[in-house]
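Listed below, chain by chain, are the residues.
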Amino acid sequence: MTLAAFERATSLDRLRHETFDLVVIGGGVTGAGVALDAASRGLKVALVERDDFSSGTSSKSSKLIHGGLRYLQQGDVKLVYEALAERQRLLTNAPHLVKLLPFLLPMFGKGGVIPAKIARLLGTAMWGYDLTGGFKVGKLHKRVTKSEALEYMPTLPAKNLVSGYLYFDAAADDSRLVVAICRTAALHHGAVMANRVTVTGLTQGAAGNVNGVTVAADGDEFTIATNAVVNAAGVWADRVRTLDEGTDPDSMRPAKGVHLTVPHHLVRNTIAAVIPVPKDRRSVFVVPHGEFTYIGTTDTDYDGSIDDPQCTEDDIDYLLSAINANNVNTITRDDIVGTWAGLRPLVKSASSGRTADLSRGHNIHRSPSGVVTITGGKLTTYRHMAADTVDEVVSEVLGARAPRGAKRSVTKKLRLRGADGYQSVTAAARGYGVTNAVADHLANRFGGEARAVMAMIKDDPTLAEPLVPGLPYVRAEAIFAVRHEMARSVDDVLSRRTRARLYGRADSAAAADAVAELIAPELGWSAAEAAASAAEFRALCEHERDAAGLEDVLLGTALATV
Ligand code: FAD
């Protein structure tokens, strides 16, 4: 097998001239997972993404690799069981990206007493979580006293706090996970991956079977020859199905979720917390992340443009009311340094209840022409979804045309790019003239490949300087992103390869010109092209800020504690 380069021009050339066993539409976690699953079974695979990898929902999640305690409370034991098994695999296969995260579930009551029914329900849910797979991480839940709960989150209102539960889940940077899956598929298993390639049509052979994917890229249109197609276009899946089936199946029910970021000193939680939302039957996560804490998510029906979901003033009010009811420091709009909004690609069901109650399971649909559409699911369960999808492609679409040995998925034990060599990165820091803090930061984003980033710093120590002042990302990450991770714009670098925009939107916008100047030589940009990419990023930031009715909040002010 020839291994593909993770390089866009080479990928485009191959897409034009070669015939594939499978073309995957959509470079979110689902499509990336399908490409890796199929390529590692020996299929010749291409993946096309119309914007950037993970630019859809897969960069806007709560970033938890979890079973979801609440799905257990909803009775979806199968989903939780599957998700916890996937969590375990990811902790092994991507230890550089997926980290164990303890959670506090504080319990409130009146007069120091928790209502017996609630205590019983929570106790049962906690044991259920351990039994469905939580125990695999080697740590069982435990009850904590009021003072222990306050040690984990000193800003909880002590008055009605009675005690709490401690349990374990995991978290990962969703965008980095997607890029790692894409790069593993290409660099280890030969898949051809390209971003900024939009599917505009599908072609069929004389027997009515799909045999080509027409795409637009760089102002040109061409058709990729293929024997099978997977539609992993998330909330856009119906649009792709319309290209194939001729009518809009209207099968999706997008549900919007938003998060906001505030300085950690206002919350001071040392572990994640699950807090109740006043006057709602929901709770939200409060997740510490370095000098920040992010809070989310909402879960609401969405009927706006699926191309532009935004965090609104109402969303902000909802999350502020939740945190302020559970935190002694009052957090205001002026403390919010970042927001993000995404759409869950949920599948419609007969029930018209709340989106929060809709199943997070996945659905596979095969059209008369053989296009296999995968929708629903979760970031956590992407591997399992991918295996099911490729099983369908191999058995129902390719049949005898599938390569030998392609019947079974091999991804359960497949380690992602960066997993190897990850543990020893920090020990190597001194040899590259890099501080342990920078090496740690890089190890947890690039795994073993952090050595390549550190080697750039050794050659040019200015690349260890911050990419955005006030945030931990270094300039070398931007260079690595455009050289090796197919980043093509300031937005790719600041929104997804690094997450600067999520933790400091105004500061990221202010750094846009400098970032554009840094990556311009790598991308062969003129000064005007660099300025345009920076301006485009600033416009995205302004649009996001204005939709939420917020002002620019700079980190220098927000992070100052006195
Ligand atoms: P997407 O990531 O949207 O990918 C689809 C891709 O298809 C897009 O990149 C799009 O550009 C591309 N595309 C569309 N049309 C075309 C075309 N014509 N040509 C080429 N490409 C095209 N799950 C968890 O497990 N844990 C969590 O903590 C969690 N939190 C969440 C919080 C929120 C607020 C939301 C919204 C979801 C959350 N999820 C979570 C769910 C998870 O994020 C999603 O299930 C997952 O990211 C969906 O991935 P996807 O690849 O199916 O869709």
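About the cut-offs
Residues numbered from 1 in each chain as written. Predicted model: local features only at pLDDT ≥ 70, side-chain atom pairs only at ≥ 80, totals over all residues. Heavy atoms only, no water. Helix = DSSP H or I, 4+ residues; strand = E, 2+ residues; numbered from the N terminus. Near = heavy atom within 4 Å. Polar contact = N/O pair within 3.5 Å; in protein donor to acceptor, adjacent residues only side chain to side chain. Areas by Shrake-Rupley, 256 points an atom, 1.4 Å probe, with all protein chains shown as cover. Nonpolar A, V, L, I, M, F, W, Y, C, P; charged D, E, K, R; others polar. Salt bridge = Lys/Arg side-chain N within 4 Å of Asp/Glu carboxyl O. Buried < 20%, exposed > 50% of the residue type's maximum accessible area, 1.4 Å probe, protein only. Pairing = 2+ DSSP bridges. Contact = heavy atoms within 4.5 Å. Axes fitted to C-alpha atoms, helices over the stretch in contact; angles between N-to-C directions. Phe/Tyr/Trp six-rings, centres within 6.5 Å; stacked < 30°, edge-to-face > 60°. Lys NZ or Arg CZ within 6 Å of the ring centre and 35° of its normal. Expected span 1.5 Å × (residues − 1).

Peer 1: What's the story with unusual backbone geometry in this structure? I'm lost.
Peer 2: Peptide bonds are, in most cases, trans, and in most cases residues other than glycine have a negative phi. Going from G296 to T297, the amide bond is cis rather than trans, its omega being 25°. Note on placement: T297 falls in the loop between β16 (292-296) and β17 (300-301). One non-glycine residue, R196, adopts positive backbone phi at about 55°. As for its placement among the helices and strands, R196 is situated in the loop between β8 (192-195) and β9 (198-204).

Peer 1: Teacher, can you tell me more about the site of the ligand here?
Peer 2: Taken together, the neighbourhood of the ligand is formed by 37 residues, with T30, E49, S58, L64 and T380 sitting nearest. Side-chain polar atom of E49 to an oxygen atom of the ligand: 2.7 Å apart, as the coordinates give it. About the coverage of the ligand: the protein hides 96% of its 1000 Å² of free accessible area. Mapped onto the shell around the ligand, the elements with two or more residues apiece are α2 (29-40), β3 (45-49), β9, β13 (255-263) and β18 (338-344). Per element, the largest residue contribution to the shell around the ligand is three residues, and it comes from β18. Split into classes, the residues belonging to the shell around the ligand amount to twelve nonpolar, 19 polar and six charged.

Peer 1: What's the story with the pattern of salt bridges in this structure? I'm lost.
Peer 2: Tallied over the full model, the rule gives 42 salt bridges. R383 is paired through a salt bridge with E86; the nearest N and O atoms lie 2.9 Å apart. Of this pair, R383 sits in helix α10 (residues 382-398) while E86 sits in helix α4 (residues 77-93), and the two are 297 residues apart along the sequence. Owing to a relative accessible area of 9%, R383 belongs among the buried residues under this scheme. Each member of the salt-bridge network shares a partner with another, and the members are D51, D52, R196, D491, D492, R496, R497, R501, R505 and E544.

Peer 1: Please clarify how the sheet that holds strand β1 (residues 19-20) should be interpreted in this entry.
Peer 2: Strand pairing in a sheet takes place through backbone hydrogen bonds and is either antiparallel or parallel in direction. Pairing is mixed across the open sheet formed by four strands, whose spatial order is β1-β11-β10-β9. Taken across any chain shown, the strands that pair with only one partner, and hence form the sheet edges, are β1 and β9. As paired strands, β9 and strand β10 (residues 210-217) are joined by six bridges and run antiparallel to one another. In the strand pairing of β10, G201 is matched with T214. Strand contacts of helix α1 (residues 8-17): β1, β10 and β11 (220-226), with the helix running at about 65° to β11, the strand carrying the most contacts.

Peer 1: Is there a simple way to think about the packing of aromatic side chains in this case?
Peer 2: Two measures describe an aromatic ring pair: the distance that separates the ring centres and the angle between the ring planes. Within the structure shown, the criterion is met by seven aromatic pairs. Measuring from centroid to centroid gives 5.7 Å for F6 and F53, while their planes differ by 35°, and the two rings are tilted. With F6 in the segment before α1 and F53 in the loop between β3 and β4 (64-65), the pair connects residues that are 47 residues apart, well separated along the chain. Of the residues examined, F53 reaches a relative accessible area of 0% and is grouped as buried. Three or more aromatic residues joined by ring pairs form one cluster here, namely F103, Y129, Y167 and F285. When the ring centre of F20 is taken as reference, the NZ or CZ atom of K44 above it lies at 5.3 Å.

Peer 1: Could you clarify how one ought to interpret helix α7 (residues 174-189) in this entry?
Peer 2: Since one α-helical turn is 3.6 residues long, residues separated by three or four positions face the same way. A rise of 1.5 Å per residue sets the reference length of α7, with its 16 residues, at 22 Å; its end C-alpha atoms lie 22 Å apart and thus fit the reference within 8%. Counting buried positions along α7 gives 14 out of 16 residues, so the element sits mostly inside the fold. N-cap assignment for α7: the residue whose side-chain oxygen lies 3.1 Å from the backbone N of S175 is D173.

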